[in-house]
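# Architecture and fold: a report
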Amino acid sequence: MLDGVVDIYLADFKYTDASMAGTYSADAKDYPEITRSALLEMNRQVGVARPVRNGVIFRGLMIRHLVMPGNASGSLDAMRWIAEKLPADTYVNIMLQYRPAYRAHSYPEINRPVSREEYIKVVDEARRSGLTRLDVDI
C-alpha cells in the first residue's frame, strides 16, 4: 500500500529470535518473521539511503538496531541477516541506548546496561559480515 508514497523508511529491527521477542515484548513471537519481510519490502520500494548533499537523505531505508545485554535481541544474527539479504551499504544504526526499565527487573539477563565489550562485538560482526554504512557509538 505504501509503494510510491513513502520516501524514507526508518525501521527498527529489534529481535531475530521469536522466543526472545515473545519473552521481552508480549505477543511478539511473529516479530522477527514480519520484520524481515517488511525490511525486504522497504528496501525494494526505496532502496539504500544515500545522502545527496550536506548529509541530507531524501530517499531510502535506514535500519536501527538496539543492542541488548546478553545478545537478547539477537544482534549478531541481525547483522549477519542484514548483510546477507540487503545491500552491503544499507544504513545501519547500531544503538547503545538500552537502559533497563519497566519490567526489566523480572528478567535478570536484561536488567543491566550493555557492556562496551558486548557492543563492540556487534559492531565487529557487522563489519566482518560486510556492512559498510554503520552509524555506531564508538
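Bear in mind the structure is a predicted one, so any value in this text is a computation, not a measurement.

Attention now moves to the packing of aromatic side chains. Here the structure, examined in full by the defined rule, presents 3 aromatic pairs. Geometrically, the ring pair formed by Phe13 and Trp81 is edge-to-face, given 5.7 Å between the ring centres and 75 degrees between the ring planes. Of this pair, Phe13 sits in the loop between β1 (8-12) and α1 (18-24) while Trp81 is found in helix α3 (residues 75-85), placing the two residues 68 residues apart along the sequence. With respect to burial, Phe13 and Trp81 carry one shared label: buried. Judged by centre distance (5.3 Å) and plane angle (80 degrees), the ring pair of Tyr24 and Tyr107 falls under edge-to-face. Here Tyr107 lies in the loop between β5 (91-95) and α4 (116-128) and Tyr24 lies in helix α1, a separation of 83 residues in the sequence. Judged by its relative accessible area of 27%, Tyr107 is partly exposed.

With 5 of its 5 residues buried, β5 lies for the most part within the structure. As defined by bridge partners, strand β4 (residues 60-66) adjoins β5 across 5 bridges and the pair is classed as parallel. Within the sheet, the bridge partner assigned to His65 lies in β5 and is Ile94. Handedness of the crossover joining β4 and β5 through α3: right-handed. Where β5 lies against strand β6 (residues 133-135), 3 bridges are found, and the strand directions are parallel.

Quick look at the environment of Tyr98 now. Looking at the element boundaries, Tyr98 is found in the loop between β5 and α4. Between the C-alpha atom of Tyr98 and that of Glu84, which follows or precedes it by 14 residues, the distance is 26 Å. In contact with Tyr98, other than residues within four places in its own chain, are Leu66, Val67, Met68, Pro69, Ala104, Ile110, Arg112, Pro113 and Val114. Only 2.6 Å separates the side chain of Tyr98 from the backbone oxygen of Ile110, close enough to count as a polar contact.

Rules behind the numbers
- Residues numbered from 1 in each chain as written.
- Predicted model: local features only at pLDDT ≥ 70, side-chain atom pairs only at ≥ 80, totals over all residues.
- Heavy atoms only, no water.
- Phe/Tyr/Trp six-rings, centres within 6.5 Å; stacked < 30°, edge-to-face > 60°.
- Helix = DSSP H or I, 4+ residues; strand = E, 2+ residues; numbered from the N terminus.
- Buried < 20%, exposed > 50% of the residue type's maximum accessible area, 1.4 Å probe, protein only.
- Pairing = 2+ DSSP bridges.
- Right-handed = clockwise from strand over helix to strand, strands pointing away.
- Contact = heavy atoms within 4.5 Å.
- Polar contact = N/O pair within 3.5 Å; in protein donor to acceptor, adjacent residues only side chain to side chain.

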